[in-house]
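This is what each chain is made of:
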Amino acid sequence: MSEVKIPAQVRTEFGKGFARRTRAAGRVPAVVYGHGSEALHVTLPGHDLMMALKTPNVLLSVDIEGRNELVIPKQVQRDPLKGFLVHVDLLVVKRGEKVTVEVPVHTEGELAPGGNLLEHTLTALPVEAEATHIPEAVTVSVAGLEAGASVLAKDIVLPAGVALAVDAEAVVLHVVAGDAPVAEATEGAEA
């Protein structure tokens, strides 16, 4: 995964009024913390940050007054109605360090015929990986799975250097039988 470089400005003001003015100026309040260092309050360019956060578990190289810090987003707060960024917590990481993150689960292939439905028990899989080699997603083939079949966490093939951070027997996907088609049920009632 590549690093996204973002410039930061240290902030000395706090509170709701300052946060509103900051967001109105196109910046987002954030906190950088981790590795025993004191929390550092900064503001980041809103558009650049929003574009970077479209990639799950993105690795950011934040330039704080000439000092670069590698960080990953720990918590992202968005406005519930408009969706703009309100505040971001960034966790400092070191190269080679293992971190635990949730990676989105994507599926490919078609289920067995018969109106089966795929239930996502886990939409994101907790994994432990090196901070600079976090996979963007894991892909699971559901081709030909029939009703009652399950995909467990241990069944998912992970990239090299990535380990499960959840019980290996945890159900990630489950195939359930769909209801009888409505058209067939009404035809039988008319006859």
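Structure: above.
All of the points below concern the structure found in this document.

Thresholds applied
- Residues numbered from 1 in each chain as written.
- Predicted model: local features only at pLDDT ≥ 70, side-chain atom pairs only at ≥ 80, totals over all residues.
- Heavy atoms only, no water.
- Salt bridge = Lys/Arg side-chain N within 4 Å of Asp/Glu carboxyl O.
- Helix = DSSP H or I, 4+ residues; strand = E, 2+ residues; numbered from the N terminus.
- Buried < 20%, exposed > 50% of the residue type's maximum accessible area, 1.4 Å probe, protein only.
- Contact = heavy atoms within 4.5 Å.
- Core = buried A, V, L, I, M, F, W, Y, C linked by side-chain atoms within 4.5 Å.
- Pairing = 2+ DSSP bridges.
- Arc of directions from axis to C-beta.
- Axes fitted to C-alpha atoms, helices over the stretch in contact; angles between N-to-C directions.

Moving on, we get to the pattern of salt bridges. Following the criterion strictly, the structure yields four salt bridges and no others. The shortest N-O distance in the salt bridge between K154 and E169 comes to 2.8 Å. Linking K154 in the loop between strand 11 (150-152) and strand 12 (163-164) with E169 in the loop between strand 12 and strand 13 (171-176), this pair joins segments that are 15 residues apart in sequence. The class for K154 is partly exposed, based on a relative accessible area of 48%.

This next bit is on unusual backbone geometry. At H35, a position not held by glycine, the phi torsion is positive, near 55°. Checked against the element boundaries, H35 lands in the loop between strand 2 (27-34) and strand 3 (37-45). Phi at E65 is positive, roughly 50°, even though this residue is not glycine. Relative to the assigned elements, E65 resides in the loop between strand 4 (59-64) and strand 5 (67-78). You can call E65 exposed: its relative accessible area is 67%.

This paragraph deals with the side chain of T43. With respect to the helices and strands, the residue T43 is situated in strand 3. Non-local contacts of T43, meaning those with residues more than four positions away in its chain, are made with P7, A8, Q9, R11, F18, T22, R27, V28 and P29.

With that settled, consider the nonpolar core. Note on soluble globular proteins: their nonpolar side chains tend to be buried together. The biggest cluster of nonpolar side chains holds 23 residues, and the ones touching the most others in it are I72, V93, V99, V101, L125, I156 and V172. Among the elements of the structure, strand 5, strand 7 (98-108), strand 9 (124-130), strand 10 (138-141) and strand 13 are those that each provide at least two residues to this core. Filtering out sequence-adjacent residues up to four positions away, I156 remains in contact with L125, V138, V140, V151 and V172. Core analysis: the next-biggest nonpolar cluster, separate from the first, contains 19 residues, V58, L60, V88 and L90 among them.

Once that is clear, we can look at the pairing of strand 6 (residues 85-92). Buried residues dominate strand 6, accounting for seven of its eight residues. As paired elements, strand 2 and strand 6 share four bridges and run parallel to each other. Directly across from V31, in strand 6, lies its bridge partner D89. Linking two consecutive strands that pair antiparallel, namely strand 5 and strand 6, is a turn of six residues; a positive phi of about 80° is found at G83 within it.

As a further point, take helix 1 (residues 16-24). The set of residues buried in helix 1 consists of F18, A19 and T22. The arc that holds the buried residues of helix 1, viewed along the axis, is 100°, so those residues lie on one side. Along helix 1, the residues that are exposed and aim more than 90 degrees away from the buried face are K16, R20, R21 and A24. With its phi angle positive at about 85°, G26 sits one or two positions after the end of helix 1.

On to the sheet that holds strand 13, then. Overall, antiparallel pairing links the three strands, which are arranged 8-13-11 in an open sheet. Each edge of the open sheet is held by one strand with a lone partner, namely strand 8 (117-120) and strand 11. Across the sheet, the mean angle from the axis of one strand to that of its neighbour is 15°, orientation sign disregarded. Note that strand 11 and strand 13 share three bridges and pair antiparallel. Within strand 13, the position partnered with L152 by the bridge is V171.

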